[in-house]
Amino acid sequence: MSSIDRSQSVGGTRTYEVRTYGCQMNVHDSERLAGLLEDAGYVRAPEGADAADVVVFNTCAVRENADNKLYGNLGHLAPKKAARPGMQIAVGGCLAQKDRDTIVKKAPWVDVVFGTHNIGKLPVLLERARVQEEAQVEIAESLEAFPSTLPTRRESAYAAWVSISVGCNNTCTFCIVPALRGKEKDRRPGDILAEIEALVAEGVSEVTLLGQNVNAYGSDIGDREAFSKLLRACGKIDGLERVRFTSPHPRDFTDDVIAAMAETPNVMPQLHMPLQSGSDPVLKAMRRSYRQERFLGIIEKVRAAIPHAAISTDIIVGFPGETEEDFEQTLHVVREARFAQAFTFQYSKRPGTPAAEMDGQIPKKVVQERYERLVALQEEISWEENKKQVGRTLELMVAEGEGRKDDTTHRLSGRAPDNRLVHFTKPDQEVRPGDVVTVEITYAAPHHLLAEGPVLDVRRARAGDAWEKRNAAEQAKPAGVMLGLPKIGAPEPLPVAASGCGCD
C-alpha cells in the first residue's frame, strides 16, 4: 500500500511538522523533508496545532546538551502519542547519525531514526514502521542522493537556499560535523546553475549558496577556482538579483573569490568569515589552518575591493587552554576587523570531538566573564558601524516576518544589500514581500536600522509577484487537498542559522 493510500486509510489527510535545530544546512534539509512528505501525501499541520500526525526532529549534534534537549522534547510528546493512535515520531539529522541506537533505547516510542545521508528515505521508513509496527533505524554511511535532487517545500517564494556541496574535509578539534556529514562532495557546476535558473523562473530573486565549507568548492572536482567561477556564472543569470553564500573558511578564501565578489554586481557586499579565535596558539589547538595575520589580511583585501562590505564572524570563548593573553588577542582582532556582527559562543564540550578530552578546560565563571567582555565590545562596534549607515540611500528587498513590532509601529522590514535589517515606514501603495524599496537611513541601533522618512521608490518585482501568487493559492486551497502548497516565509537571515553551531 502506498503512503498516500495509508494516509487515507487512517482518517483522511495526515499532517506533519518538522522541527529544525542547528545550521542553515539543516534548514535546507528540512525543506527537503517537508517536500518529501508532501510528495507522499501529507500536509503541513496548521500553526498552533497541538500535535501533528507525524513530527520530525531534524537535529544538531554540536552542542553539549543537544541530546538532553532532544530527549526532553521527545518526552513531552510521549503522552500525546500514547493518546493519539497512528501518530508517528521521526528523528533525523546529525544527532541521529551519531546516536543511532541510543535514541530508540532512551525513547522507545520513536518510530523512525534516519541520518544525514539518507533523508530521502523518510516516507518509506514511516510507512514501514506503520506496517511492521516497530521502530525503523536506518543510517547510511555515505550520501545516497544530493539533497537538491529531492522534492522541496521552500519556505520562501522569493529567496532560496542552493546547496553546492555537502560534507567537510577539515578536522577542527571542536567540531563533529565532518564525522557526521562525511568528506566534502561537490555538485557539478551545471547542475547548480540549472537549479538556480529554475528557481529564478519560479520568481526567486535571491539565492544563498550553501556548503559546510562553501569556498572549498572545487576540491572534489579538481578546480581550485571553481567557486569564483560559480559566483561569476551566477552574475549572468537574468532575473537573479542577489547572491549570497555561507559559510567560507579563511584557509580557502583566495584572491580570485574577492575579485569575483567585487566584479559581479549581483553578489552582495556581505561576508561571513568565521574567526573562532584571535590567538595563534588557540587556533593551532583548534586545528584551524590560518593565523591572526592571515585572517586580518583577508579582511583588509575585502575592504579594499568592496568598501561597503559588511563582515560578520563566529567566535568561541573559553576554548581549552585559552589564557587571558589569548583572549586579549581575540579582542584585538575584533577591534581591528570591526565586524558588523559577531556570533559569539561560550565553548561547550562536543561529545566525540578531540577538544572535549583536552587538558585546560576553562572554569565556567572565567568563560562567562570573558564572554560578557567580548559581547560588550562587539555591541559597541556594531552600533558604531551601523551609525555610518545613517544618511545612506539603500535598496531593500522587502521581507516577511522579520519585524516583530511592524504591526504596532506601522512599519515594514527589509534587507539591505549587505544583509543589514532595516525597518521602514509603510508606504501608501501596496508593498509585497519580494518587492524592492528605496529608502534613506535615519537612525541606527546595534542590530537594526530605521528609515523613518517616506519611501523614495517602490519597485514591484517578479519575486513579489511570486509571493502574491503563492499566497493566493494557499488561501484558496480547499480543505482536504492531499498535497499542500508551500507556505510563505523567508529563510532565516544570514548568518544566524549558518552560525548556530559555530563550527565553520
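Residues numbered from 1 in each chain as written. Predicted model: local features only at pLDDT ≥ 70, side-chain atom pairs only at ≥ 80, totals over all residues. Heavy atoms only, no water.

**Side note on the sheet that holds strand β15 (residues 393-398)**
So, step 1. Pairing within the open sheet is mixed, and its 7 strands lie in the order β19-β20-β17-β16-β15-β18-β21. Every interior strand has two partners, whereas the edge strands, β19 (443-444) and β21 (457-459), have only one.
So, step 2. Across 2 bridges, the pairing between β15 and strand β16 (residues 411-415) is antiparallel. Each bridged residue has a counterpart across the sheet, and for Met-397 the counterpart in β16 is Arg-415. (Pairing = 2+ DSSP bridges. Helix = DSSP H or I, 4+ residues; strand = E, 2+ residues; numbered from the N terminus.)

**Some words on the UniProt feature "binding site: [4Fe-4S] cluster 2" (unreviewed entry) in the chain**
So, step 1. The UniProt entry lists Cys-168, Cys-172 and Cys-175 under the feature "binding site: [4Fe-4S] cluster 2" (unreviewed entry), expressed in the numbering used here.
So, step 2. When you line up the elements, Cys-172 lands in the loop between β8 (165-166) and α7 (177-181).
So, step 3. Non-local contacts of Cys-172, meaning those with residues more than four positions away in its chain, are made with Met-286, Arg-287 and Arg-288.
So, step 4. By the secondary structure assignment, Cys-175 is in the loop between β8 and α7.
So, step 5. Classification of Cys-175 as buried rests on a relative accessible area of 11%. (UniProt positions renumbered as here; feature names shortened; annotations may be inferred. Contact = heavy atoms within 4.5 Å. Buried < 20%, exposed > 50% of the residue type's maximum accessible area, 1.4 Å probe, protein only.)

**Some details on the packing of helix α10 (residues 255-263) against helix α12 (residues 292-305)**
So, step 1. Where α10 contacts α12, the two axes come as close as 10 Å, and the packing angle between them is 25°. Comparing their axes, α12 and α10 come out roughly parallel. In the packing of α10 onto α12, the handedness of the crossing is right-handed. Only Lys-301, Val-302 and Ala-305 of α12 make contact with α10, whose side of the interface consists of Asp-255, Ile-258 and Ala-262.
So, step 2. When its residues are assigned to classes, the contact of α10 with α12 shows 4 nonpolar, no polar and 2 charged. (Axes fitted to C-alpha atoms, helices over the stretch in contact; angles between N-to-C directions. Parallel < 35°, antiparallel > 145°, perpendicular 65-115°, else oblique. Left-handed = near helix turned anticlockwise from the far one by under 90°. Nonpolar A, V, L, I, M, F, W, Y, C, P; charged D, E, K, R; others polar.)

**Observations concerning unusual backbone geometry**
So, step 1. Thr-246 connects to Ser-247 through a cis peptide bond whose omega is -10°.
So, step 2. Position of Ser-247 among the secondary structure elements: in the loop between β11 (242-246) and α10.
So, step 3. One non-glycine residue, Glu-133, lies in positive phi territory at about 55°.
So, step 4. Here Glu-133 is to be found in the loop between α6 (122-132) and β6 (136-138).
So, step 5. The phi dihedral of Arg-287 is positive, around 65°, even though this residue is not glycine.
So, step 6. For Arg-287, the location among the structural elements is in the loop between α11 (280-286) and α12.

**Notes on the packing of aromatic side chains**
So, step 1. Evaluated as defined, the whole model comprises 5 aromatic pairs.
So, step 2. Look at Phe-227 and Phe-245: their rings are 5.1 Å apart centre to centre, the planes differ by 85°, and that puts the pair in the edge-to-face class. Of this pair, Phe-227 sits in helix α9 (residues 226-234) while Phe-245 is found in strand β11, placing the two residues 18 residues apart along the sequence.
So, step 3. Judged by its relative accessible area of 1%, Phe-227 is buried.
So, step 4. Every member of this aromatic cluster is reached through a ring pair, and the members are Phe-174, Phe-319 and Tyr-347.
So, step 5. The ring centre of Trp-383 lies 4.4 Å from the NZ or CZ of Lys-387, which sits over that ring. (Phe/Tyr/Trp six-rings, centres within 6.5 Å; stacked < 30°, edge-to-face > 60°. Lys NZ or Arg CZ within 6 Å of the ring centre and 35° of its normal.)

**Side note on the nonpolar core**
So, step 1. Ranked by size, the top nonpolar core spans 64 residues in total, and within it Ile-196, Leu-209, Leu-231 and Phe-253 carry the most contacts.
So, step 2. Sequence-distant contacts of Ile-196, defined by excluding residues within four places in its chain, comprise Val-162, Val-207, Leu-209, Cys-234, Ile-237 and Leu-240.
So, step 3. Judged by nonpolar contacts, the second largest core, of 23 residues, contains Ala-45, Leu-70, Cys-94 and Leu-95. (Core = buried A, V, L, I, M, F, W, Y, C linked by side-chain atoms within 4.5 Å.)

**Brief notes about the pattern of salt bridges**
So, step 1. Evaluated as defined, the whole model comprises 28 salt bridges.
So, step 2. With its nearest N and O atoms 3.3 Å apart, the salt bridge here joins Glu-138 to Arg-128. Taken together, the positions of Glu-138 in strand β6 and Arg-128 in helix α6 put the pair 10 residues apart, joining distant regions of the chain.
So, step 3. When its relative accessible area of 30% is taken as the criterion, Arg-128 is described as partly exposed. (Salt bridge = Lys/Arg side-chain N within 4 Å of Asp/Glu carboxyl O.)

**Here's the deal with the UniProt feature "binding site: [4Fe-4S] cluster 1" (unreviewed entry) in the chain**
So, step 1. Under the feature "binding site: [4Fe-4S] cluster 1" (unreviewed entry), the UniProt entry names Cys-23, Cys-60 and Cys-94. A compact arrangement is adopted by the annotated residues: their sequence extent is 72 residues, whereas the largest C-alpha distance between any two is 10.6 Å.
So, step 2. With respect to the helices and strands, Cys-60 occurs in the loop between β3 (54-59) and α3 (66-82).
So, step 3. Judged by relative accessible area, Cys-60 falls into the buried class, the value being 16%.
So, step 4. With near-sequence residues (within four places) excluded, Cys-60 lies in contact with Tyr-21, Gly-22, Asn-26, Ala-66, Cys-94 and Leu-95.
So, step 5. Looking at the element boundaries, Cys-94 is found in helix α4 (residues 94-98).

**Observations regarding helix α14 (residues 364-387)**
So, step 1. The end-to-end C-alpha distance of α14 is 34 Å, a good match for the 34 Å that 24 residues give at a rise of 1.5 Å each.
So, step 2. Of all the residues in α14, the buried ones are Val-367, Arg-370, Leu-374, Leu-377, Gln-378, Ile-381, Ser-382, Glu-385 and Asn-386.
So, step 3. Of the surrounding elements, those touching the buried residues of α14 are β13 (310-317), α13 (324-337), β14 (341-346), β19 and β20 (449-451). (Expected span 1.5 Å × (residues − 1).)

**What about the state of the cysteines?**
So, step 1. Applying the stated criterion across every chain yields a total of 0 disulfides.
So, step 2. Free cysteine: Cys-94, not disulfide-bonded; nearest cysteine sulfur from Cys-60 at 6.1 Å. (Disulfide = S-S within 2.5 Å.)

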